[in-house]
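Chain and residue survey
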Amino acid sequence: MKKVAWIGVGIMGKSMVRNLMKAGFELHIYARTRAKVEDVIGEGAVFHDTIGDCVKGCEAVITMVGFPKDVEEVYFIPGNILDSAELGAYLIDMTTTSPALAEKLYAEGVKRGYRVVDAPVTGGDTGAKAGTLSILVGGEQEDFEACMPLFQAMGTNINHQGKAGCGQHAKMANQIMIAGTLSGVCEALTYAKAKGLDPHVLISSLATGAAGSKQLDAFGEKIVAGDYAPGFFLKHFVKDMGLALEEARRSGITLDILAQVLENYKNLEGEGYGDLGTQALIKHYQ
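Remember, predicted model here, so these are calculated numbers, not experimental data. For every chain, the first residue of its written sequence is number 1, and the numbers climb from 1 along that sequence. Local features in this predicted model are restricted to residues whose pLDDT is 70 or higher, and side-chain atom pairs enter the listing and the counts only when it is 80 or higher, whereas totals over whole chains, interfaces and linings include all residues. Excluded from the side-chain calculation are hydrogens and water; included are all heavy atoms of the structure.

1. Structural notes on the overall build of the chain
Numbering of helices and strands runs from the N terminus; a helix is a DSSP stretch of H or I covering at least four residues, while a strand is a stretch of E covering at least two. When you go through the chain residue by residue, the secondary structure sums to 14 helices and nine strands. Each radius of gyration reported is based on C-alpha atoms, and the globular scaling rule is 2.2 Å times the count of residues to the power 0.38. Taking 2.2 N^0.38 as the reference for a compact globule, 286 residues should give roughly 19 Å; the C-alpha atoms of the chain span a radius of gyration of 19 Å, in line with that estimate. Only heavy atoms enter the contact rule, under which two residues are in contact if any of them lie within 4.5 Å. Once local pairs closer than 6 in sequence are excluded, the contacts in the chain between residues at least 24 apart make up 66%. Working definition of accessibility: Shrake-Rupley area with a 1.4 Å probe, residue cover restricted to the visible protein chains. By element, 53% of the accessible surface of the chain is carried by carbon and sulfur atoms, the whole surface being about 12900 Å². Residues counted as positive are Lys and Arg, residues counted as negative are Asp and Glu, and His and the chain ends are not counted. We put the charge of a Lys on NZ, of an Arg on CZ, of an Asp on CG and of a Glu on CD. Here the chain carries 27 positive and 34 negative side-chain charges, and the mean point of each set is 2 Å from the other.

Below you can see the structure in the form of structure tokens.
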């Protein structure tokens with residue numbers, strides 16, 4: 001498996017494309033705006049003007065787009081992936097999307113002669129750049145194993161979660177955990193500020209104790225500095241939490257913290273902060 005099509009070259013996708021090229025894969029890419037991907041074109045990726053042209057002749061097609069509606073578009077619109085990819089190709093959706101949509105894509109893809117896996121990731125733009133992402137894979141075991149060389153070019157913690165859709169369910173669990181943890185970081189820093197503590201000393205003091213977390217490591221100092229540059233867009237986190245809450249309700253479980261954090265983030269998105277990073281949650285407390 002050497003020739004790979006990549007649809008959606010954003011903050012995460014661009015670094016993942018680079019790591020695949022470094023591993024020796026031939027990358028064919030499609031993005032809505034060519035100007036935004038001129039750098040990776042200059043590094044060797046082959047740009048195509050249409051999705052249909054991009055996927056032709058490729059042994060694997062990887063998608064990393066923004067929202068479930070984008071996944072629907074790139075796969076199901078006539079002339080796009082399901083109409084144009086090579087029979088027998090591996091279709092790998094790495095977007096965080098609805099588990100139900102992952103199941104739908106699997107069923108339709110298999111019916112048309114493709115091998116389909118859902119493989120959302122966690123680790124943010126830092127993990128994407130370093131090639132150290134955690135990759136959460138749903139689908140057939142044999143397809144998971146066949147795609148392992150691709151995954152190993154992008155990540156280091158790669159696990160088969162179960163049947164189609166299970167990769168997405170694992171990502172929902174990840175986002176639920178982040179929602180609570182990052183809220184805790186923001187609330188602790190808000191409390192510390194109100195009590196006159198030095199936030200830098202506090203962060204250093206807590207990072208190695210029981211309250212330490214990846215969220216504190218990634219965002220503690222950025223929050224203090226007012227640095228809201230996105231490693232992961234706030235608007236995409238709103239989408240993810242909404243999907244997780246919908247799935248939780250479908251299973252008859254109540255996730256009170258997730259529901260509250262989602263409401264806080266929705267308010268921030270409504271105030272125009274959707275293109276900031278997730279650490280902009282601190283604005284809810286200011």
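2. Overview of helix α12 (residues 214-225)
By definition here, a helix of n residues has an expected span of 1.5 Å times n minus one. For α12, which comprises 12 residues, the first-to-last C-alpha distance of 18 Å matches the rise-based estimate of 16 Å (1.5 Å per residue) to within 8%. Accessibility here uses a 1.4 Å probe with only protein chains present; expressed as a share of the type maximum, an area under 20% marks a residue as buried, one over 50% as exposed, and anything in between as partly exposed. Residues of α12 that are buried: Q215, L216, F219, G220 and I223. Taken down its axis, α12 places every buried residue within 130 degrees of arc, on the same side. Of the residues in α12, the exposed ones pointing more than 90 degrees away from the buried face are D217 and A225. Structurally, α12 contributes buried residues whose contacts are with α10 (166-194) and α11 (199-206). The arc under discussion is defined with respect to the helix axis, by the directions toward the C-beta atoms.

3. Observations concerning the packing of α10 against helix α14 (residues 256-270)
Axis angles are defined between N-to-C directions and span 0 to 180 degrees, where every axis is a line fitted to C-alpha atoms and, for a helix, only to the segment in contact. Axis separation between α10 and α14 bottoms out at 9 Å; the angle between their running directions is 70 degrees. As summarised for this structure, α10 and α14 are arranged roughly perpendicular, according to the angle between their axes. Once α10 is placed against α14, the crossing between them reads as left-handed. Along its contact with α10, which presents I176, A179, G180, L182 and S183, the element α14 presents I257, L258, V261 and Y265. For classification purposes, angles smaller than 35 degrees are called roughly parallel, those larger than 145 roughly antiparallel, those between 65 and 115 roughly perpendicular, and all remaining angles oblique. Handedness of a helix crossing follows the sense of rotation of the near helix relative to the far helix, less than a right angle counterclockwise being left-handed and clockwise being right-handed.

4. Considerations on the layout of surface pockets
The space that makes up the second largest pocket amounts to roughly 230 Å³. Lining the second largest pocket, in full, are L189, T190, A192, K193, L197, P199, I223, V224, I282, Y285 and Q286. Counting residues per element, the ones that place at least two in the lining of the second largest pocket are α10 and α12. Here the lining of the second largest pocket gets four residues from one element, more than from any other, and that element is α10. Gly counts as polar in this scheme, as do all residues outside two lists: the nonpolar Ala, Val, Leu, Ile, Met, Phe, Trp, Tyr, Cys and Pro, and the charged Asp, Glu, Lys and Arg. Taken together, the residues that form the lining of the second largest pocket break down as eight nonpolar, two polar and one charged. Every definition here rests on a 1 Å grid over the protein atoms only: cavities are sets of points where a 1.4 Å probe fits but cannot get out, pockets are open sets enclosed by protein on both sides within 12 Å along at least five of seven lines, and lining residues have some atom within 4 Å of a point. Grid points are joined across faces, edges and corners, and a volume is the space filled by probe spheres set on the points.

5. What to know about the pattern of salt bridges
Any two side chains of opposite charge can pair, given that their charged atoms come close. What makes a salt bridge here is a side-chain nitrogen of Lys or Arg within 4 Å of a carboxyl oxygen of Asp or Glu, nothing more. Enumeration according to the criterion identifies 17 salt bridges in this entry. Across the pair D70 and R32 runs a salt bridge whose closest N-O atoms are separated by 3.2 Å. Taken together, the residues span a long stretch of sequence, with D70 in helix α4 (residues 68-76) and R32 in the loop between β2 (26-30) and α2 (38-42) at a distance of 38 residues. A salt bridge links E72 to K104, with the shortest nitrogen-to-oxygen separation between them at 3.1 Å. Of the two residues, E72 is situated in helix α4 and K104 in helix α6 (residues 99-111); the sequence distance between them amounts to 32 residues. On the accessibility criterion, K104 (40% relative accessible area) is partly exposed. Counted as one network, the salt bridges with shared partners bring together K14, R18, D39 and E43.

6. Thoughts on the packing of α10 against helix α13 (residues 234-250)
Two elements in contact, α10 and α13, have axes separated by 9 Å at closest approach and are oriented at 110 degrees. By the angle class used here, α10 and α13 are roughly perpendicular. As for how α10 packs across α13, the hand of that crossing is left-handed. Judged by residue contacts, H169, M172, Q175, I176, I178 and A179 of α10 engage F237, D240, M241, L243, A244 and E247 from α13. For the contact of α10 with α13, the per-class residue count stands at eight nonpolar, two polar and two charged.

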